[in-house]
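# Summary of structural features
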Amino acid sequence: MDVKNILAHCDHPLLKQESTWAQIKEVCDDGLKYGCASLCIPASFVKQAADYVGNELKICTVIGFPNGYSTTAVKVFETEDAIRNGADEVDIVLNVGRMLTGEYDEAANEVEVIRTEMDDDVVLKVIIESGALKTPELIRKASLLSMLAGADFVKTSTGKI
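So, how was this worked out
Residues numbered from 1 in each chain as written. Predicted model: local features only at pLDDT ≥ 70, side-chain atom pairs only at ≥ 80, totals over all residues. Heavy atoms only, no water. Helix = DSSP H or I, 4+ residues; strand = E, 2+ residues; numbered from the N terminus. Rg over C-alpha atoms; globule rule 2.2 N^0.38 Å. Buried < 20%, exposed > 50% of the residue type's maximum accessible area, 1.4 Å probe, protein only. Contact = heavy atoms within 4.5 Å. Areas by Shrake-Rupley, 256 points an atom, 1.4 Å probe, with all protein chains shown as cover. Lys, Arg positive; Asp, Glu negative; His and termini not counted. Charge placed at Lys NZ, Arg CZ, Asp CG, Glu CD. Axes fitted to C-alpha atoms, helices over the stretch in contact; angles between N-to-C directions. Parallel < 35°, antiparallel > 145°, perpendicular 65-115°, else oblique. Left-handed = near helix turned anticlockwise from the far one by under 90°. Nonpolar A, V, L, I, M, F, W, Y, C, P; charged D, E, K, R; others polar. Expected span 1.5 Å × (residues − 1). Arc of directions from axis to C-beta. Core = buried A, V, L, I, M, F, W, Y, C linked by side-chain atoms within 4.5 Å.

## A closer look at the overall build of the chain
For the chain, the count of helices and strands is eight helices and six strands. Taken from the N to the C terminus, the helices and strands of the chain come in the order α-β-α-β-α-β-α-β-α-α-β-α-α-β. Rg of the C-alpha trace for the chain: 15 Å, near the compact-globule value of 15 Å for 161 residues, within the 12% margin. Its C-alpha atoms give the chain principal-axis dimensions of roughly 45 × 35 × 30 Å. Counting all 161 residues of the chain, 40% fall into the buried class. Counting only contacts in the chain whose residues sit at least 6 apart along the sequence, the fraction spanning at least 24 positions is 67%. For the chain, the exposed area adds up to about 8600 Å²; of that, 53% sits on carbon and sulfur atoms. Averaging the positions of the 16 positive and the 26 negative side-chain charges in the chain gives two centres separated by 5 Å.

## Section: the packing of helix 2 (residues 21–34) against helix 3 (residues 46–53)
When two helices pack together, their arrangement is given by the angle between the helix axes and the distance between those axes. Viewed as axis vectors pointing N to C, helix 2 and helix 3 meet at an angle of 40°, and their least axial separation amounts to 10 Å. Judged on the interaxial angle alone, helix 3 and helix 2 are oblique. Crossing geometry of helix 2 relative to helix 3 is assigned as right-handed. Where helix 2 approaches helix 3, its residues W21, I24, K25, C28, D29 and L32 are matched on the opposing element by Q48, A49, Y52 and V53. Considering only residue class, the contact of helix 2 with helix 3 consists of seven nonpolar, one polar and two charged.

## A short note on helix 8 (residues 136–148)
Between its first and last C-alpha, helix 8 extends 18 Å over 13 residues, near the 18 Å set by a 1.5 Å rise per residue. Listed as buried for helix 8 are L138, A142, S143 and S146. On an axial view of helix 8, the arc spanned by its buried residues comes to 135°, and they lie on one face. The exposed set on the far side of helix 8, more than 90 degrees from its buried face, consists of E137, R140, L144 and L148. As for helix 8, its buried residues are in contact with helix 5 (96–100), helix 6 (104–116), strand 5 (123–127), helix 7 (130–133) and strand 6 (153–155). Just past helix 8, the residue G150 takes up positive phi, approximately 120°.

## What to know about the nonpolar core
I41, I59 and L94 are the most contacted members of the largest nonpolar core, which has 37 residues in total. The contact partners of I59, leaving out residues within four places of it in the chain, are L39, I41, V46, A49, A50, V53, G86, A87, D88 and E89.

Written out as structure tokens, the structure reads:
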């Protein structure tokens, strides 16, 4: 397998607080040049990036980033706003606190509510923060609940915990 084939399956992220449009544009150019699966960028740059790359590259943003403890209503609003602005994919951060306290139905329900607010062609990825969940059993449970609730993919971490 060559590098281009590998990159076709990888998100290319730039999620630093101090990200500027010039830096996001560089990431767009790199993503186009190397054929990445998508760009994962802050929501404030989604429209600009989507306009810049057109249909040549998928745009992804993060919802509830990096902590995941926003209310479901806020995450739904963020998701709808991102999609209106041109996001093809959204990565939501699962509410880890709910998982740690055994509120599994509430955590899964949040994913399900967000999924129902999205068109089927928008990719939903759930970030489970495996480092915070700590046990293999809880990581498996969060992954399974996310998939059953409608996630297309499960990701391990935001890199912030």
